[in-house]
Amino acid sequence: MSSTFNAFALFANFENPFGDTARALRESVDTVVHAEELGFEQVWLTEHHFNAFSVSASIFALLAHLAAKTSRIQLGAGAVLLPFHDPVRVAEDAATVDALSGGRLLLGLGKGGPFPDQFRHFGVTHDESRSRLHEALDLLEKVFAGTGVSHQSTHYRYDGLSVYPRPIRSPLPVWLASMADESLALAAQRGYGLMGPSAAPVAKMRALLDAFDALQPKNSPPFVLARYLLCDQDHRCAREEALPFIRDFGKNMRAAIKRIPAEPPVQPFGEPAAAYEEDAMLANAIVGDPAACIEQCLALRQALGDRPVVLLLKPASYDPLVNRSSLSLFAERVRPALL
C-alpha cells in the first residue's frame, strides 16, 4: 500500500536574495496568495534569526499578516523555535493568530535549527535546548487546556497563570520538528504530528514513521514532509534553475556542521554532511518536467507506506516569478495525477 497525499502545502521561507527586505516580504506574501488561488491547502513558514537572506524572524507577525491576506489556506508555523521564546508569549501569539485566521493556525514547534548564532545570541546551549523544548511543551499543554495554571520545572515556574486570549480550538493542532526518540514518544502520547526536513532520505523517513506507528499514536495529524520543487515544461531547464539554490543550501548546512561546538558533531535536521551534497539533495527533491515530477511524487508516496502525508513544497529558485510558475505547473499538471 502507498501513502496518501492528504494535502499539498507551500513552504514559504521569506527569502531575500534582492537585498531589499520590503520587496522580499512582498514577494513572499504574493507567492502565498498565489498558492491559495491554485488550491494549495496549507502554507508553512520557517523561523530564522540573524540571517540577511531569510527574513522570517517574527513568525507570528507574518502569520497574522497572511491571515488578513488570505481566506482559506491553513497557516503553519514550521517551526517556532520554542527554547528561544517565552512559552507564555508563544501561547498568547498562537491563540491570537488562530482567532484572527478563523481557526487556520497549524502550530509546529522545534528546539532550534543548526545555526550557531541563534543559540549564542539567545543564550541557549545545544545541550539544554531539548530539555527547554519539552518543559515548554508541558507548560503550553496546561495553558491551552485551562486557566489558573501552576507549573514548576527547571526553566519555568508559574502559579495561578491564566493566558488570554484563549484558543478558539481545543486542542490546537501541534507538530514537532524533531526526529529524536523522546520526541517521537511524546508526540505519540499527546497526539502531535511530525515534520520531516527536505534533505532527509525517504528510507529514513519511512523508518521514522514505522517507529512512530509502533508507539500507537493517538489521533496524530498527518506527517508533514518537505521537498524542494522546481517544475518546468523543459526538464533540463528545471534542473539548471534549481541547482544553484540547492547547492547554496547544502553549502550552508555543511558549514553549520563545522561551526557548531558539539561532540559528537551536530547534524543539521538530523542529517550528516553527505546528505547536503548536490546529488543527495537532488535525489530527495521534486525537480523536472511535469512527467518527471509525477514520477518522483509517486515514488515518494509508495516509499512512505500506507499513511496520510502532507507534501510540503519548497520552491527552489531565487526568482519569485519562476517559483510561481513552478507552483502553477505543479497544480495544473502534477497534482491531478496524484489524486
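About the thresholds
- Residues numbered from 1 in each chain as written.
- Predicted model: local features only at pLDDT ≥ 70, side-chain atom pairs only at ≥ 80, totals over all residues.
- Heavy atoms only, no water.
- Salt bridge = Lys/Arg side-chain N within 4 Å of Asp/Glu carboxyl O.
- Helix = DSSP H or I, 4+ residues; strand = E, 2+ residues; numbered from the N terminus.
- Buried < 20%, exposed > 50% of the residue type's maximum accessible area, 1.4 Å probe, protein only.
- Phe/Tyr/Trp six-rings, centres within 6.5 Å; stacked < 30°, edge-to-face > 60°.
- Lys NZ or Arg CZ within 6 Å of the ring centre and 35° of its normal.

Peer 1: Could you give an account of the pattern of salt bridges, naming the residues involved and the relevant values?
Peer 2: Following the criterion strictly, the structure yields 14 salt bridges and no others. We note a salt bridge from Glu-27 to Arg-23, for which the minimum N-O separation is 3.2 Å. Separated by four residues within a single helix, Glu-27 and Arg-23 lie in helix H1 (residues 21-38), roughly one turn from each other. In this structure Glu-27 comes out as buried when scored by relative accessible area, which is 15%. In this structure, the salt-bridge partner of Arg-89 is Glu-92, at a minimum N-O distance of 3.0 Å. With Arg-89 and Glu-92 both in helix H3 (residues 87-100), this residue pair falls three residues apart, about one helical turn.

Peer 1: Could you give me a rundown of the packing of aromatic side chains, with the residues and numbers involved?
Peer 2: If you walk through the whole model with that rule in mind, you get 10 aromatic pairs. Look at Phe-40 and Phe-330: their rings are 6.4 Å apart centre to centre, the planes differ by 35 degrees, and that puts the pair in the tilted class. Note that Phe-40 is positioned in the loop between H1 and strand E2 (42-45) and Phe-330 in helix H11 (residues 320-338), a separation of 290 residues in sequence. Ring-pair connections join several aromatic residues into one group, and the members of that group are Phe-5, Phe-8, Phe-40 and Phe-330. It is Arg-23 that lies over the ring of Phe-18; its NZ or CZ is 3.9 Å from the centre.

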